[in-house]
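These are the residues of each chain, in order.
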Amino acid sequence: MIAITLLGTGTPIPDPNRAGPATLIQAGEENYLVDAGRGVLMRLAAAGCGANMLDAVLITHLHSDHITDLNDVITSAWVTTFSEQKPLQIVGPPGIKEAVDRLLHFLSSDIGYRIAHHADLNDPPAVNVIEIESGVVEFEGDVKISTEPTDHRPVDPTIAFRFDYQNDAVVVAGDTIPCAGLDKLCTGAQGLVHTAIRKDVIENIPIQRLQDVCDYHSSVEEASQTAERAEINTLVLTHYVPAFPSGQGDEWKEIASQHFSGEIELGDDLHRVEIGE
Ligand SMILES: [Zn+2]
Ligand SMILES: [Zn+2]
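Per chain, residues are indexed from 1 in the order of the written sequence. Ligands are numbered from 1 and chains lettered from A, in the order in which they are written. The model is predicted, so local features are restricted to residues of pLDDT at least 70 and side-chain atom pairs to those at 80 or more, both for listing and for counting; the totals for chains, interfaces and linings are taken over all residues.

> What should I look at first to understand helix H9 (residues 220-229) in this one?
Along an α-helix, residues three or four apart share an orientation, since each turn contains 3.6 residues. For H9, the full list of buried residues reads Val220, Ala223, Ser224, Thr226 and Ala227. The arc that holds every buried residue of H9, seen down its axis, measures 155°, which confines them to one face. In the core, the buried residues of H9 are packed alongside helix H6 (180-186), strand E11 (191-197), strand E12 (234-241) and helix H10 (250-257). Numbering of helices and strands starts at the N terminus; helices are DSSP runs of H or I of at least 4 residues and strands are runs of E of at least 2. Where H9 terminates, the next one or two residues include glutamate 231, which has phi positive at roughly 55°. Here a residue counts as buried when 20 or more other C-beta atoms sit within 10 Å of its C-beta, as exposed when there are 12 or fewer, and as partly exposed otherwise, the C-beta atoms being derived from the backbone. Within this analysis, the arc is defined by the directions that extend from the helix axis to the C-beta atoms. Once C-beta atoms are placed from the backbone, any two residues with those atoms within 7 Å are in contact.

> Sorry if this is basic, but what is going on with the environment of aspartate 65 here?
Structurally, aspartate 65 is set in helix H2 (residues 64-67). The spatial distance from the C-alpha of aspartate 65 to the C-alpha of threonine 11 is 6.5 Å, given a sequence separation of 54 residues.

> Sorry, what's going on with the nonpolar core here?
Across soluble globular proteins, you tend to see nonpolar side chains buried next to one another. Joining buried Ala, Val, Leu, Ile, Met, Phe, Trp, Tyr and Cys residues through C-beta atoms within 7 Å gives a set, and that set is a nonpolar core. Counting 71 residues, the largest nonpolar core has Ile25, Val57, Phe163, Val170 and Leu192 as its most contacted members. Setting aside chain neighbours within four positions, we find valine 57 in contact with Leu33, Ala36, Val73, Leu88, Gln89 and Ile90.

> I tried to follow the pairing of strand E1 (residues 2-8) on my own but got confused; where do I start?
Look at any regular strand and the pattern is simple: side chains alternate between the two faces of the sheet. Burial within E1 is extensive, with six of its seven residues counted as buried. A pair of strands is treated as paired once DSSP finds two or more bridges between them. With four bridges connecting them, E1 and strand E14 (residues 272-275) associate as antiparallel partners. Pairing of isoleucine 2 across the sheet is with isoleucine 275, part of E14. Direction of pairing for E1 relative to strand E2 (residues 22-27): antiparallel, over a ladder of six bridges. Across the sheet, the residue bridging to alanine 3 is glutamine 26, located in E2.

Put into structure tokens, the structure is as follows:
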């Protein structure tokens, strides 16, 4: 069984009830965080998981809403590990190494204070950053993680992640329009977590900057068609643009069901879906 918890179902626009994009994938004893949006560690704590319990942090792309709290994950994993520090594994598309290096630079004053203050903290946060665009991520562990490129241009490169555990597989798509890389990754998987926007709503708002987001995201229809093409069993929609009030996602489900014949899941932050036995 693979458990999916939507830690943050929001977007770049601050929302009092929806944290920024982040998803927790749990299988066996392992915990994987996909993206680290606004408020991620508060939601992770609510899901019963601490930064020091993460086996890896996987970043789909470097848009600010998906990485804005990555610094908090790095700091918290560091200061709440009381035994020997093992490096925090961070995986992302090319560019993630430089982004993490810059975050560590941004944190350098704090890192200096803590090392000076705590006799048992001698080294800055240990991170192991892996850049990948396609293929299997080299990890120890029971969960096999693989990636393929997605299409969120001009944001480039961007990737999706697939988690295989025993007989189950879940794909977390990130932001993308329908593309061959995502189709490939989804083949044979049971669960798909996909960001989606209501283009039918956004296209009618006379603000160009909002309308711009339509050309590099999947609509609800497109995300559903991707799931249908790959014969996915359960589609989990997240990253709702525009956000719907709690309990009022029926219209989204209705649209998705016109293009996808499997189970459709959506909801509030901390919505949890189990895939497989
Ligand atoms: Zn994005
Ligand atoms: Zn986004």
